[in-house]
Amino acid sequence: MPGNSQRRGAVRKGGKKPAAGSGGQRRRGLEGKGPTPKAVDREYHPAHKRASATTKRGSSTSRGSSASPRGPRRAKGSSEMVAGRNSVVEALRAHIPVSTMYVATRIDSDDRVREALKLATERGLPILETARGELDRLTDGAVHQGLALQVPPYDYADPRDLIDPEQPGIPLVVALDGITDPRNLGAIVRSVAAFGGHGVVVPERRSVGMTASAWKTSAGAAARIPVAKAGNLTRALEDFKTAGFFILGLDMDGDVELPDLALAAEPLVVVTGSEGKGLSRLVRETCDQIVSIPMSSAVESLNAGLATGVALYEIARQRRR
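A. Representation of the packing of helix 3 (residues 85-93) against helix 4 (residues 111-123) within the structure. Where helix 3 contacts helix 4, the axes come no closer than 9 Å and their chain directions differ by 30°. With respect to their mutual orientation, helix 3 and helix 4 come out roughly parallel. As helix 3 packs across helix 4, the resulting crossing turns out to be left-handed. Two secondary-structure elements touch here, helix 3 through Arg 85, Asn 86, Val 88, Val 89, Leu 92 and Arg 93 and helix 4 through Arg 112, Val 113, Glu 115, Ala 116, Leu 119, Ala 120 and Arg 123. Partitioning the contact of helix 3 with helix 4 into residue classes produces seven nonpolar, one polar and five charged.

B. Spotlight on the sheet that holds strand 6 (residues 199-203). In spatial order, the strands read 7-6-5-10-8-11-9; together these seven strands make up an open sheet with parallel pairing. Of all the strands in the sheet, the pair left with one neighbour each is strand 7 (227-230) and strand 9 (256-257). Relative to strand 7, strand 6 runs parallel, the two sharing four bridges. Bridge pairing links Pro 203 to Ala 230 in strand 7.

C. Representation of the side chain of Thr 130. Topologically, Thr 130 is positioned in strand 3 (residues 127-130). Within the local environment of Thr 130, its side chain forms a polar contact with the backbone oxygen of Leu 128, the two atoms lying 3.4 Å apart. Beyond its immediate sequence surroundings of up to four residues, Thr 130 is in contact with Tyr 102, Val 103, Ala 104, Thr 105 and Leu 135.

D. Structural context of helix 6 (residues 182-194). For helix 6, with 13 residues, the first-to-last C-alpha span of 18 Å sits near the 18 Å given by 1.5 Å per residue. Looking only at helix 6, the buried set comprises Asn 184, Leu 185, Gly 186, Ile 188, Val 189, Ser 191 and Val 192. For helix 6, the secondary structure elements touched by its buried residues are strand 5 (172-177), strand 6, helix 7 (212-217), strand 7 and helix 10 (304-320). Sitting at the head of helix 6, Asp 181 places a side-chain oxygen 2.9 Å from the backbone nitrogen of Arg 183. Phi turns positive, to about 80°, at Gly 196, one or two residues after helix 6.

E. The nonpolar core, seen in detail. With 56 residues, the main nonpolar core has Leu 92, Met 101, Leu 185, Val 200 and Met 210 as its most contacted residues. Here the element with the most residues in this core is helix 10; it accounts for five residues. Beyond its immediate chain neighbours, meaning those up to four positions away, Leu 92 contacts Val 98, Met 101, Ala 116, Leu 119, Ala 120, Arg 123, Leu 125 and Leu 149.

F. Quick peek at the pattern of salt bridges. For the structure shown, the criterion picks out 14 salt bridges. Measuring nitrogen to oxygen at the nearest pair gives 2.9 Å for the salt bridge that ties Glu 115 to Arg 93. Linking Glu 115 in helix 4 with Arg 93 in helix 3, this pair joins segments that are 22 residues apart in sequence. Of the charged contacts, one joins Arg 137 and Glu 134 as a salt bridge, the two residues approaching to 2.5 Å between their closest N and O atoms. With a gap of three residues between them, Arg 137 and Glu 134 both fall in helix 5 (residues 132-138), about one helical turn apart. Salt bridges sharing common partners tie together Arg 85, Asp 110 and Arg 112.

G. Highlighting the environment of Leu 258. Structurally, Leu 258 is set in the loop between strand 9 and strand 10 (268-273). Discounting chain neighbours no more than four positions away, the residues touching Leu 258 are Val 291, Ser 292, Ile 293, Pro 294, Val 310, Ala 311, Glu 314 and Gln 318.

H. Up close: helix 10. Across its 17 residues, helix 10 extends 25 Å between first and last C-alpha, which sits within 8% of the 24 Å expected from 1.5 Å per residue. Turning to helix 10, the residues buried within the fold contact strand 5, helix 6, strand 8 (246-250) and strand 10. One side-chain oxygen at the N-terminal end of helix 10 lies 3.1 Å from the backbone nitrogen of Gly 305; it belongs to Asn 303.

I. Quick look at the sheet that holds strand 1 (residues 80-83). Spatially, the four strands line up as an open sheet ordered 1-4-2-3, and their pairing is mixed. Every other strand in the sheet has two partners, leaving strand 1 and strand 3 as the edge strands with one partner each. Strand after strand, the sheet turns through a mean of 25° between neighbouring axes, direction not considered. Pairing between strand 2 (residues 100-104) and strand 4 (residues 147-151): four bridges, direction antiparallel. Each residue of the ladder has a partner; that of Val 103, found in strand 4, is Leu 147. Sitting on the sheet, helix 3 touches strand 1, strand 2 and strand 4, and the angle it makes with strand 4 is about 45°. Packing of helix 4 onto the sheet brings it into contact with strand 2, strand 3 and strand 4, and relative to strand 2 it is tilted by some 150°.

J. Inspection of unusual backbone geometry at higher detail. Positive phi, normally seen in glycine, also occurs at Asp 140, with a value near 60°. Mapped onto the fold, Asp 140 is located in the loop between helix 5 and strand 4. Residue classification places Asp 140 among the exposed residues on the basis of a relative accessible area of 71%. Of note, the phi angle at Arg 206 is positive, near 50°, even though the residue is not glycine.

The rules we used
Residues numbered from 1 in each chain as written. Predicted model: local features only at pLDDT ≥ 70, side-chain atom pairs only at ≥ 80, totals over all residues. Heavy atoms only, no water. Axes fitted to C-alpha atoms, helices over the stretch in contact; angles between N-to-C directions. Helix = DSSP H or I, 4+ residues; strand = E, 2+ residues; numbered from the N terminus. Parallel < 35°, antiparallel > 145°, perpendicular 65-115°, else oblique. Left-handed = near helix turned anticlockwise from the far one by under 90°. Contact = heavy atoms within 4.5 Å. Nonpolar A, V, L, I, M, F, W, Y, C, P; charged D, E, K, R; others polar. Pairing = 2+ DSSP bridges. Polar contact = N/O pair within 3.5 Å; in protein donor to acceptor, adjacent residues only side chain to side chain. Expected span 1.5 Å × (residues − 1). Buried < 20%, exposed > 50% of the residue type's maximum accessible area, 1.4 Å probe, protein only. Core = buried A, V, L, I, M, F, W, Y, C linked by side-chain atoms within 4.5 Å. Salt bridge = Lys/Arg side-chain N within 4 Å of Asp/Glu carboxyl O.

Structure, rendered in structure tokens:
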């Protein structure tokens with residue numbers, strides 16, 4: 001009969017017995033539980049753990065620090081290792097900041113080792129005797145010859161600290177745009193100190209920082225002249241302009257030649273670009289004036305350190321008149 005095809009235990013087409021149903025129990029079991037919680041609200045989900053960790057970090061920061069009204073405090077870079085006997089002795093002679101001097105166990109002593117130990121002892125530096133394998137690791141496989149120095153991270157200023165410098169005189173600041181050679185930075189810091197400048201500004205990205213090489217080239221001036229790090233150089237220059245500074249860019253294709261500069265007696269930021277690319281577009285557009293240094297046609301250009309030194313000399317000469 002037709003009704004018998006739907007009776008319990010009937011065989012489907014193909015000879016298979018139908019699967020037993022849940023009798024509605026599954027549907028009833030899901031009733032009243034609501035929508036599935038978000039991943040961040042599920043205790044054992046990775047998203048929940050990440051959110052909890054972020055919350056803890058934020059709360060500990062707010063409890064443990066008081067923000068300065070002028071923005072973040074000085075940003076620090078990473079520590080640096082100076083390896084090799086000649087390099088260590090030269091760094092100690094130049095009074096580069098040092099946190100620790102490492103000496104290999106059973107080192108073969110010579111005049112350089114003896115001088116390094118003498119200079120470190122006179123400065124009261126910690127001296128650690130270290131296995132050569134550990135010294136290889138600390139210097140990342142450099143040729144250390146049994147001697148190495150750990151240079152602490154440089155304590156950068158905030159660019160706004162240079163708007164009202166503590167030193168007397170008309171404010172004079174140098175900003176670097178795309179300079180990557182630490183020797184150029186060291187030479188510029190030295191020129192800033194020599195010609196009455198008040199500080200140097202470097203960008204946070206694609207720029208040289210205050211390395212041991214820059215310290216050494218500055219010949220001690222880095223201990224007196226603050227170097228500030230700007231997250232955005234163009235924005236920092238705009239802040240100087242708002243504070244009453246004039247921004248001068250150094251470039252071969254200048255609006256005015258250096259001897260004809262009429263702004264020397266004003267608060268100034270002198271911006272030096274890289275030798276290859278010069279000033280970047282946004283920085284050039286921020287400058288009030290582009291200044292060139294007159295040179296013989298036989299010489300194509302000066303490097304960044306020399307060009308900055310010449311410009312600072314001329315500004316200082318005009319200010320003394």
